[in-house]
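# Commentary on secondary and tertiary structure
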Amino acid sequence: MSDEEHHFESKADAGASKTYPQQAGTIRKNGYIVIKNRPCKVVEVSTSKTGKHGHAKCHFVGIDIFNAKKLEDIVPSSHNCDVPHVNRVDYQLIDISEDGFVSLLTEDGNTKDDLRLPTDDALLKTIKDGFAEGKDLIVSVMSSMGEEQICAVKDIGPK
């Protein structure tokens, strides 16, 4: 064995899964679920009674957390569903480039430059207007299943 220490400068998640299994009958409103390979927030759950042939069924209505499309799925309540790992992190907005990318300040002082401006018109207007007025803006970035998007903005006053 060598006495060298190994240092890895990697932001990989060690091959961890983007989802975890959860029994369909235990998923509730305002939780998250994967429908058609998209991470969704559950807005409605209804459970049918067991029929002649066995399983009670759960009917899920979810809204995609990135593009706000409504998706539906019906799963037997005893079966497992995929639930996405959803993270929300706040960053300070430093700059907006002409090509629609934002420059954000992370907590450890580095910059994050790989995020686009959001597609939601109201949120986009709030960010652009606040930045043009020279306000200090904090943006919330939601990430799940390998995707990231700005989902909210907070004004913490003038610079």
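The structure we're discussing is the one just above.
For the structure given in this document, a descriptive report is provided here.

Parameters at a glance
Residues numbered from 1 in each chain as written. Predicted model: local features only at pLDDT ≥ 70, side-chain atom pairs only at ≥ 80, totals over all residues. Heavy atoms only, no water. Helix = DSSP H or I, 4+ residues; strand = E, 2+ residues; numbered from the N terminus. Salt bridge = Lys/Arg side-chain N within 4 Å of Asp/Glu carboxyl O. Buried < 20%, exposed > 50% of the residue type's maximum accessible area, 1.4 Å probe, protein only. Pairing = 2+ DSSP bridges. Axes fitted to C-alpha atoms, helices over the stretch in contact; angles between N-to-C directions. Contact = heavy atoms within 4.5 Å.

For the rest of this paragraph, the subject is the overall build of the protein. Along the backbone of the protein there are one helix and eleven strands. Listed by position from the N terminus, the elements making up the protein come as β-β-β-β-β-β-β-β-β-α-β-β.

Per the stated rule, a full pass over the model turns up eight salt bridges. Note that Lys154 and Asp90 form a salt bridge whose closest N and O atoms lie 3.2 Å from each other. Note that Lys154 is positioned in strand E11 (residues 147–158) and Asp90 in strand E7 (residues 86–96), a separation of 64 residues in sequence. Judged by its relative accessible area of 44%, Lys154 falls in the partly exposed class. Judged by relative accessible area, Asp90 falls into the partly exposed class, the value being 34%.

What follows concerns the sheet that holds strand E5 (residues 70–76). Across the sheet, four strands lie side by side as E2-E3-E4-E5; this open sheet has antiparallel pairing. On the outer flanks of this sheet lie strand E2 (32–35) and E5, each paired with one strand and no other. Strand-to-strand twist in this sheet, taken as the mean axis angle between neighbours without regard to direction, amounts to 45°. Pairing analysis gives seven bridges linking strand E3 (residues 38–47) to strand E4 (residues 57–64), with the strands arranged antiparallel. Bridge pairing in E4 links Val42 to Gly62.

Okay, the environment of Tyr91 next. As for its placement among the helices and strands, Tyr91 is situated in strand E7. Placed 62 residues apart in sequence, Tyr91 and Val153 show a C-alpha to C-alpha distance of 9.6 Å. Here Tyr91 is in contact with Leu104, Leu105, Thr106, Lys112, Leu137, Ile138, Val139 and Val141, once residues within four sequence places are set aside.

Our next topic: the pairing of E7. Both E7 and strand E10 (residues 135–144) contribute to a ladder of seven bridges, which runs antiparallel. Each residue of the ladder has a partner; that of Val86, found in E10, is Ser144. Sheet topology note: the E7/strand E8 (residues 101–105) ladder contains four bridges and is antiparallel. Considered in E8, the bridge of Leu93 is made with Leu104. The hairpin turn running from E7 into E8, its antiparallel successor, is four residues long, and Gly100 in that turn takes a positive phi close to 90°.

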